[in-house]
Amino acid sequence: MKKLIKKLTIALLACSFISLSAYADTTSSDSYTSSDDVKKAQVAMATNEYIVTAGDIYTLAFASGSFSISVDSTYKVRIANLGFINAQGLTLQEFKSRVEALVISNYPSGGIQFFLTNPASFHVFIKGEISKADTISTWALEHVSSLVSSYYTDYSSKRFVTVISADGTEKHYDLYKAMYDGDFAQDPYLRPGDTIVIPKLDRKVTIEGSVIRSGEYELLPGEELNSLIFDYAKGFSPFADKDNILIDCFTGASPLYQSVYIKETDLHSDRPLACYDKVYIPSKSNTQGVIYVEGAVNSYYNVSTKSVSSELPGSVTTSPSSIARLKVPFSTGKTCKKLFLEHSGMLLNSANLSEVYVWRKAKNSGEKDQKIFINMHSVLYPTGNDDVVEDVALEPEDTIVIPYTQYYVNVTGAVAAPGKYPYQPGRDWNYYIGLASGLDYDQNLFNIVKITDKNGKRLNKKSAIPPEATIYASRNSPRNGWLVPLLITIMSFITTCLTFYTTVKGFQF
């Protein structure tokens, strides 16, 4: 007898698995209407928060067969031919436990499988201070916050919301506490027939600048400036300039805002805030001023990251089409040397470090602007042969000018092809005269040339020719018209002398 019962049990289990396989084949094409339904069902079965909802479709399979179980608005669910279960308010896991208990009580070895096939979709309503009243399709694991954001207007409260259930029960929620404090009970799931009511905002203010969490916040009654800074914005950042707090007070008239500056000590007595007020906390790095660097610097250099963003440093070696100008934050104790070492990547290959100067504007009307020269090459790369060069302490609004070195030599005068020629280190004046196709001997006698550097200083022929030097070949040939005027001048001088001599001689007789 025991063997017969065992064989019958095995046979029933085999039949149940066959029927489950057959059901799986049919439901894959009939019940799972979309991949979205499959994903929702997977999420629902993986959580303890899913509430059985009118419109749900479940699948039950055991020894007696496979059944599709649906839930209607009464929540009285028939479980095959075994009985009814009231699913009102049950979670999916609680409902599953009750179904399994009912089946086992009738089929102890029934091989039960029970799962959610299609989660219900239902409608909720939204109204209040929104762009339009509407009916929204949702499901049981949708939070309020994910539905309301697209309906906000400039006057909607983005923090407070009321949910009215189908039986008229009202509950009030604070979405700010859910978003920032992690109190997810303040962002509830919705149920069929719920109505979402968005109120009009009461008071919102903005805080920006050197705080931990800047943004726009709605304040509760009794919350003022201190609450905004320390509770909502989470306090000052390490760089905050606490003695220059700016409050733009909304007036509602013209002008719309009136600016007020306060210090940190003023926070001891809390300051009230009105709707649309704006608070700005400046950074010390901004209020301490800046230093400008212009000339032979790379316009692609990023001062913040101390790197070149689009091209390699030093890629421009000749005269650029426009002068680059960089803005470097000032800090106490900064000198030219410190700045150049900190931002060495800003320099171009054409930078003339020997002739850097600092342009400092006069601070008072009776003073003059200063032009302070400094040989940065000697400061940065000192040698035993160089004179000691003092570093320059910088001040806010100073402008450091770095001249370009133009790598050419200008050849003019009595040469066959005057012009600018590429500079070659170590070459003498004959080399550049040769590039200009040689002297024009019809105009130049005796190889007379005049050599000057870029500052106009006279150089001799034995000197090395520096960049930007000018080599001028004199036009001293008689063909240039200088001989005749010279002869006329000499003859005039001789005639004058003879006349004077004759006159004096006549007086003697």
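What you see is a predicted model, and the numbers here were worked out from it, not measured in a lab.

1. Brief notes about a nonpolar patch on the surface
On the surface, Ile 490, Met 491, Phe 493, Ile 494 and Leu 498 cluster together into a nonpolar patch covering about 510 Å² of accessible area. Locating Met 491 in the fold gives a position in helix α11 (residues 483-508).

2. Quick word on the layout of surface pockets
By volume, the largest pocket is sized at about 580 Å³. Put simply, the parts of the chain that give the lining of the largest pocket at least two residues each are β8 (160-164) and β9 (170-174). Residues that form the lining of the largest pocket fall into these classes: 14 nonpolar, 4 polar and 5 charged. Taken as a whole, the second largest pocket spans an internal volume of roughly 370 Å³. Lining the second largest pocket are 19 residues, and of these Lys 158, Arg 159, Met 179, Tyr 180 and Glu 218 lie nearest its centre. Split into classes, the residues belonging to the lining of the second largest pocket amount to 10 nonpolar, 3 polar and 6 charged.

3. A look at the pattern of salt bridges
Applying the stated criterion across every chain, the model contains 13 salt bridges. Here Asp 398 and Arg 360 are joined by a salt bridge, their closest N and O atoms 2.8 Å apart. In this pair, Asp 398 sits in the loop between α9 (376-380) and β22 (399-402) while Arg 360 sits in strand β20 (residues 356-360), placing the two residues 38 residues apart along the sequence. Assessed through its relative accessible area of 1%, Asp 398 is described here as buried. The salt bridge partner of Lys 363 is Glu 395, with a shortest N-O separation of 2.5 Å. Highlighted residues: Lys 363 in the loop between β20 and β21 (370-374) and Glu 395 in the loop between α9 and β22, separated in sequence by 32 residues.

4. Some details on the confidence of the model for the chain
Residues with a pLDDT of 70 or more make up 86% of the chain, whose mean pLDDT is 85. Averaged pLDDT values for the elements of the chain fall to 40 in helix α1 (residues 2-30) and rise to 98 in strand β10 (residues 195-198). Taken together, the stretch residues 1-32 has pLDDT below 50 and engages in 22 contacts with residues farther than four places along the chain or on a different chain. Throughout residues 311-321 the model reports pLDDT below 50, and contacts reaching past four residues in sequence, or to other chains, amount to 24 contacts.

5. Notes on the packing of aromatic side chains
A complete count under the given rule lists 17 aromatic pairs for this structure. Chaining the aromatic ring pairs together yields one cluster made of Tyr 176, Tyr 180, Tyr 217 and Tyr 232. Just above the ring of Tyr 292 sits the side chain of Arg 325; from NZ or CZ to the centre is 4.1 Å. Here Arg 427 stacks its cationic end above the ring of Tyr 431, 4.5 Å away from the centre of that ring.

Rules of the game
- Residues numbered from 1 in each chain as written.
- Predicted model: local features only at pLDDT ≥ 70, side-chain atom pairs only at ≥ 80, totals over all residues.
- Heavy atoms only, no water.
- Patch = residues over 30% accessible without salt bridge, like charges linked within 9 Å, V, L, I, M, F, W, Y side chains within 5 Å.
- Areas by Shrake-Rupley, 256 points an atom, 1.4 Å probe, with all protein chains shown as cover.
- Salt bridge = Lys/Arg side-chain N within 4 Å of Asp/Glu carboxyl O.
- Helix = DSSP H or I, 4+ residues; strand = E, 2+ residues; numbered from the N terminus.
- 1 Å grid on protein atoms, 1.4 Å probe; cavity = no way out; pocket = protein on both sides within 12 Å on 5 of 7 lines; lining within 4 Å.
- Points joined across faces, edges and corners; volume = space filled by probe spheres on them.
- Nonpolar A, V, L, I, M, F, W, Y, C, P; charged D, E, K, R; others polar.
- Buried < 20%, exposed > 50% of the residue type's maximum accessible area, 1.4 Å probe, protein only.
- pLDDT = per-residue confidence, 0-100.
- Contact = heavy atoms within 4.5 Å.
- Phe/Tyr/Trp six-rings, centres within 6.5 Å; stacked < 30°, edge-to-face > 60°.
- Lys NZ or Arg CZ within 6 Å of the ring centre and 35° of its normal.

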